[in-house]
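Okay, here's what each chain looks like letter by letter:
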Amino acid sequence: MNGEEFKKAVLQGIPGELPPPAKYDPDINHAPRRKDILTTREKKLAIKNALRYFPEKHHEVLAEEFAKELKDYGRIYMYRFRPSYVINARSVNDFPHRSVQAAAIMLMLSNNLDESVAQHPHELITYGGNGAVFQNWAQYLLTMKYLAEMTDEQTLVLYSGHPVGLFPSHRDAPRVVVTNGMTIPNYSSRDDYERFNALGVSQYGQMTAGSFMYIGPQGIVHGTTITVLNAGRLLAGKSDGNLAGKIFVTSGLGGMSGAQPKATVIAGGICLIAEVNPKPLRLRQSQGWVDEVYDDLNQLIARALTAKKDNEAVSIAYQGNVVDLLEKLVKENVPVELGSDQTSLHNPYSGGYYPVGLGFTEANEMMAKNPSRFREMVHKSLHRHVEAVNKLSERGMYFWDYGNAFLLEAGRAGADVFSPGGGFRYPSYVQDIMGPMFFDYGFGPFRWVCTSSKQSDLDITDRIATQVLEEIRLSAPAEIRSQLDDNILWIKEAGSNNLVVGSQARILYADSEGRIRIASGFNKAVANGEISAPVVIGRDHHDVSGTDSPYRETSNIYDGSRYTADMSVHNVIGDSFRGATWVSIHNGGGVGWGEAINGGFGLVLDGTDEAERRLEMMLHWDVNNGIARRSWANNSGAVSAITREMERTPLLRVTLPNTADDELIDGLFD
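In this report, the structure presented in the accompanying data block is examined.

About the cut-offs
- Starting afresh in each chain, residues are numbered from 1 along the sequence in its written order.
- Given that the model is predicted, a residue must reach a pLDDT of at least 70 before its local features are reported, and side-chain atom pairs must reach 80 or more before they are shown or counted; all residues, however, enter totals for whole chains, interfaces and linings.
- Excluded from the side-chain calculation are hydrogens and water; included are all heavy atoms of the structure.
- In this scheme Phe, Tyr and Trp rings, the latter by its six-membered ring, pair at centre separations within 6.5 Å, and the angle between planes marks the pair as stacked below 30 degrees, edge-to-face above 60, and tilted otherwise.
- The helix and strand labels rest on DSSP assignments: H or I over at least four residues marks a helix, E over at least two residues marks a strand, and numbering proceeds from the N terminus.
- Partly exposed describes any residue whose relative accessible area lies between the buried limit of under 20% and the exposed limit of over 50%, with all areas from a 1.4 Å probe on protein chains only and scaled to the type maximum.
- Our definition puts a charge over a ring when NZ of Lys or CZ of Arg is within 6 Å of the ring centre and also within 35 degrees of the ring normal.
- Grouping buried Ala, Val, Leu, Ile, Met, Phe, Trp, Tyr and Cys residues that are joined through side-chain atoms within 4.5 Å yields what is termed a nonpolar core.
- Paired strands are those between which DSSP finds at least two bridges.
- The contact rule is simple, with two residues in contact once any of their heavy atoms fall within 4.5 Å.
- Between N-to-C directions, angles cover 0 to 180 degrees, with each direction set by a line fitted to C-alpha atoms, over the stretch in contact for helices.

Section: the packing of aromatic side chains
- Scanning the entire structure with this criterion turns up 28 aromatic pairs.
- Taking 5.9 Å as the distance between ring centres and 50° as the angle between the ring planes, the aromatic pair formed by F54 and F66 counts as tilted. Remark: F66 occurs in helix α3 (residues 59-73) and F54 occurs in the loop between α2 (40-51) and α3; sequence separation between them is twelve residues. Of the two residues examined, F54 and F66, each falls in the buried class.
- Taking the centre distance of 5.1 Å and the plane angle of 50° together, the rings of Y193 and W593 count as tilted. With a gap of 400 residues between them, Y193 in helix α6 (residues 190-199) and W593 in the loop between β16 (582-587) and β17 (597-605) connect regions that are remote in the sequence. Exposure class is identical for Y193 and W593. Each is buried.
- When the ring centre of Y193 is taken as origin, the NZ or CZ atom of R75, which lies over that ring, is 5.9 Å away.

This is the structure we're talking about:
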């Protein structure tokens, strides 16, 4: 299909005549069959809901087809309507458009569905097992058509993937407003999600899946590198974080977890990682994110010990269950310094966690046909999983929860994860690392995408970002110099680390000053032609202000407010009227449906004065909102950061906390 044919296909939207039925591609990594949760009445409703996208003349054929999809897969994906063209991050000008901003959004959502990027591309799932861009292919086709036709005087509204329509707005309004999974709080259980998603009325957008801001595993590699480096520093009590000869054991090679082996090698360590699904394992190896693969634990252990002896930086994958790997490490008394887990435990009974003792295919069948038995197997597996982690930790391993609900779900399963005081015996990585070292100071996962899709433009942005950070470093206070140093080193080596999968994108951790100055540098380079096309900036929702999640992003807030969601809701509202090109707010993300509220944005830098004004105003709010909240919780780093920002920004005035004396309060209850 040539360029003009592609544009014509996009502008067509949902075709007037039925395309031929789609053939099931066994080489694609497909989502597992979902739970059969709907009643007969609800199944009828799900089919009626799906047929709303199509004229009545097609209903007889499609009703039977959709009923079969619902029976076979637990969802109606509308496979017949998956387009024949390749979905990927083409150059922005390759998309039909009347609005450059809308074309940039088409590029971004296309990247989320690229077969080299997405976890289950034919089911429109980007990562995390159920992190969806859309619920079905009709939603995709209609959204692309709306984006191609809209102007800068309109806003597209998306309800959990469903394009409600184009509404009149104005040039300074967002082009797209996205919500995902925003249910009434009392209807936010795991079974509520399964039911609403099967009905076709809601979806789980994860974080950057449903907000069109995913940039492949690179998006998490940087944060993982920083986490592993600082875990090594905590373990050693040193500032250099040298991981030479140190083993990090973990699991998962999906869209997010697949970053772990690459990050560990960048940090100089040895990564032992387990994955039960052979398809993502082979993909990560072909992409160079995994060095070696073994299905024999004796051979793997021997290889790991050799790497440890030689201080070799290498990633070694085990094709099998992580519990078997951990128990083997315990049995052989292998010294392990660092440990975590990145199975998708926010989704433990629908493909996010595969219990030990079941093969991959057998597990997929059981979770659909005998969900109660599968649930029992997951709980038993978590008990063994935790027991092995506890034994390795007693021998000196530093273990952290990676925000995937590992401790939460293990605790719910009755595993031994609680300390005598009632809390978890292991910290979240946000509690020990990300929160006090980064988020409290405003540092978080700032990212950008070159819409030309040219590496040469990405190279220029790397140079601009490096220059900005080095300039800031010259006068930075001591408390943030190490953060700057890590990120300067990261961005200088990013090109040689071959991080790009999909769009020409980059990520680094920066505070509000760094983000604003880097974005301004990009905008000026677009204006003068140094960069050949607009640059999209955004961030992971896993950031200073974007997410309220008591077991992850806000786990280091101890004033009792970590279960509240004012910060993330205010953040998306504030971004929307300060200049964001698109905004999103989601239920769930990382730790699971009902466990978090998170939001994000995208901003197109097109070289104009308007883009300059928007980036300055929006990025300042997007970071400092969260610092203000964290400072009110009496986090010392945040108090320092927001005080410094008020000195730099005269119009900013934030309410600062006074600290009560513990002896005074304790005396009231003696």
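Let us keep going from here.
Overview of unusual backbone geometry
- The backbone of N311 sits at a positive phi, close to 55°, despite the residue not being glycine.
- Here the phi dihedral of N333 falls at roughly 55°; this positive angle occurs in a residue that is not glycine.
- Relative to the assigned elements, N333 resides in the loop between α11 (322-331) and β10 (338-339).
- For N333, a relative accessible area of 53% corresponds to the exposed category.

Remarks on the nonpolar core
- Counting residues in each nonpolar core, the largest one holds 149 residues, and the members touching the most others are Y140, W448, L508 and I537.
- In this structure, L325, L329, Y353 and Y426 belong to the second largest nonpolar core, which totals 48 residues.

Quick look at the sheet that holds strand β6 (residues 247-251)
- Across the sheet, six strands lie side by side as β8-β9-β7-β6-β10-β11; this open sheet has parallel pairing. Either end of the sheet is taken by a strand with one partner, and the two such strands are β8 (292-294) and β11 (398-399).
- Of the strands in this sheet, β6, β7 (270-275) and β9 (314-319) are in contact with helix α8 (residues 259-266), which crosses β7 at around 175°.
- Contacts from helix α9 (residues 278-286) reach β7, β8 and β9, with the element oriented near 160° to β9.

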